[in-house]
Amino acid sequence: DRKWRALIPGSMILLASLCAPAFFYGIRGDITVIKEWAGSLARSTPSLLTSQDNVSLLAFLMKWTGNPAISLLIFGAAATALASLMVWLILQGYKIEHPTLLECGLLLIFIPLLSPLGWDYTFLSSFLGIVLVVRHITRIPRLGKILMIVNFSVMALSLYDLLGRLLYAQLMAWSIPTINFLIISGALFYIRLKKVV
């Protein structure tokens, strides 16, 4: 019942946002706008997958393999695995009093990771997930704590003004932010495994 209370309003907002242009363009015009948006996205996405600032999981794979076919195959498998783990995480949450906090935090991290065009600034949405990891870091084993400290240090020091153009460009070319947030996602899964939140 708790899940439906969040899902129904979210679905209604999504539907309303798709239908809103019909007030200005009519129903046919709205359909045309949506088709043009999809076409524009399909044309522009391939050239942006290896963009320096694209931090999506697909962009990470494209940068590291240099092979679009292999990247899409691995991305499909990884997305399926993450979706399956998310379902498991939600099912585990039925035994917890307020499970949606962690679930929302993780979903907000997944938005830039699973979108083909996830830009570095969209990881601002991960604030909730980061707060939860910091709040429950004492529940993580010692090696995990060390990993999280290193991970947060890399994130905090990954600034253009601090690193300079060349080093920052290299960091982004390696998709280090993608790795940072995959590690944070892993920590959130571990926290749910321990049924903390």
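None of these values were measured; they are calculated from a predicted model.

Visitor: Explain the overall build of the protein chain here, please?
Guide: Looking only at helices and strands, one finds ten helices and zero strands in the protein chain. For the protein chain, the succession of helices and strands along the chain, N to C, is α-α-α-α-α-α-α-α-α-α. By its C-alpha atoms, the protein chain is 60 × 50 × 35 Å across when sized along the principal axes. Put simply, the protein chain has 197 residues, and 33% of those count as buried. For the protein chain, the accessible area works out to roughly 12,200 Å², and carbon and sulfur atoms hold 73% of it. Distance between charge centres in the protein chain, computed from 16 positive and 8 negative side chains, equals 12 Å.

Visitor: Which parts of the structure should I look at to understand helix H10 (residues 176-193)?
Guide: An α-helix turns once per 3.6 residues; consequently, residues spaced three or four apart project the same way. Helix length check: H10 (18 residues) gives 26 Å between terminal C-alpha atoms against 26 Å at 1.5 Å per residue, within 8%. Those residues of H10 that fall on the buried side of the exposure criterion are Ile176, Pro177, Thr178, Asn180, Phe181, Ile184, Ser185, Ala187, Leu188, Phe189, Ile191 and Arg192. Tucked into the core, H10 has its buried residues touching helix H3 (57-65), helix H4 (68-92), helix H5 (100-114), helix H6 (127-135), helix H7 (142-157) and helix H9 (165-173).

Visitor: Can you walk me through a nonpolar patch on the surface in this structure?
Guide: Taken together, the side chains of Leu14, Leu18, Ile34, Trp37 and Leu41 make up a nonpolar region of the molecular surface, amounting to roughly 490 Å² of accessible area. Taken together, the elements giving at least two residues each to the nonpolar patch come down to helix H1 (2-19) and helix H2 (22-48). Residue position: isoleucine 34 is located in helix H2.

Visitor: What is the right way to read the packing of H7 against H10 from this model?
Guide: The relative placement of two packed helices comes down to the angle between their axes together with the axis-to-axis distance. H10 packs onto H7 with a crossing angle of 145° between their chain directions and a minimal axis gap of 10 Å. Crossing of H7 over H10 shows left-handed handedness. Facing Leu147, Met148, Asn151, Phe152, Val154 and Met155 of H7, the residues of H10 in contact are Ile176, Asn180, Phe181, Ile183, Ile184 and Ala187. Taken together, the residues that form the contact of H7 with H10 break down as ten nonpolar, two polar and no charged.

Visitor: Quick question: what am I supposed to make of the packing of aromatic side chains here?
Guide: Centre distance and the angle of the planes are the two values used to describe a pair of aromatic rings. If you walk through the whole model with that rule in mind, you get three aromatic pairs. Ring geometry for phenylalanine 60 versus tryptophan 64: centroids 5.9 Å apart, planes at 40°, classification tilted. Here phenylalanine 60 pairs with tryptophan 64, and both are found in helix H3, just four residues apart, close to one helical turn. The exposure class of phenylalanine 60 is buried, given its relative accessible area of 16%. Seen in terms of ring centroids, tyrosine 160 and tyrosine 168 are 5.7 Å apart; in terms of plane orientation they differ by 80°. Their pairing is edge-to-face. Look at tyrosine 168 and you get buried, because its relative accessible area is 13%.

Visitor: What exactly am I supposed to notice about the side chain of aspartate 30 here?
Guide: Within the secondary structure, aspartate 30 is located in helix H2. Salt bridges are absent for the buried aspartate 30, whose nearest opposite-charge side chain, lysine 35, sits at 11 Å. With residues up to four places along the chain from it excluded, the contact list for aspartate 30 reads Leu18, Cys19, Pro21, Ala22 and Tyr25.

Visitor: Which parts of the structure should I look at to understand the layout of surface pockets?
Guide: Rolled over the atoms, a probe as big as a water molecule pinpoints where empty space is left. In this structure, the second largest pocket occupies an estimated 230 Å³ of space. In terms of lining residues, the second largest pocket is bounded by Asp120, Tyr121, Phe123, Met155, Ala156, Ser158, Tyr168, Leu171, Met172, Pro177, Asn180 and Phe181. Those elements that place two or more of their residues in the lining of the second largest pocket are H7, H9 and H10. Looking at side-chain class alone, the lining of the second largest pocket contains nine nonpolar, two polar and one charged residues.

Rules used throughout
- Residues numbered from 1 in each chain as written.
- Predicted model: local features only at pLDDT ≥ 70, side-chain atom pairs only at ≥ 80, totals over all residues.
- Heavy atoms only, no water.
- Helix = DSSP H or I, 4+ residues; strand = E, 2+ residues; numbered from the N terminus.
- Buried < 20%, exposed > 50% of the residue type's maximum accessible area, 1.4 Å probe, protein only.
- Areas by Shrake-Rupley, 256 points an atom, 1.4 Å probe, with all protein chains shown as cover.
- Lys, Arg positive; Asp, Glu negative; His and termini not counted.
- Charge placed at Lys NZ, Arg CZ, Asp CG, Glu CD.
- Expected span 1.5 Å × (residues − 1).
- Contact = heavy atoms within 4.5 Å.
- Patch = residues over 30% accessible without salt bridge, like charges linked within 9 Å, V, L, I, M, F, W, Y side chains within 5 Å.
- Salt bridge = Lys/Arg side-chain N within 4 Å of Asp/Glu carboxyl O.
- Axes fitted to C-alpha atoms, helices over the stretch in contact; angles between N-to-C directions.
- Left-handed = near helix turned anticlockwise from the far one by under 90°.
- Nonpolar A, V, L, I, M, F, W, Y, C, P; charged D, E, K, R; others polar.
- Phe/Tyr/Trp six-rings, centres within 6.5 Å; stacked < 30°, edge-to-face > 60°.
- 1 Å grid on protein atoms, 1.4 Å probe; cavity = no way out; pocket = protein on both sides within 12 Å on 5 of 7 lines; lining within 4 Å.
- Points joined across faces, edges and corners; volume = space filled by probe spheres on them.

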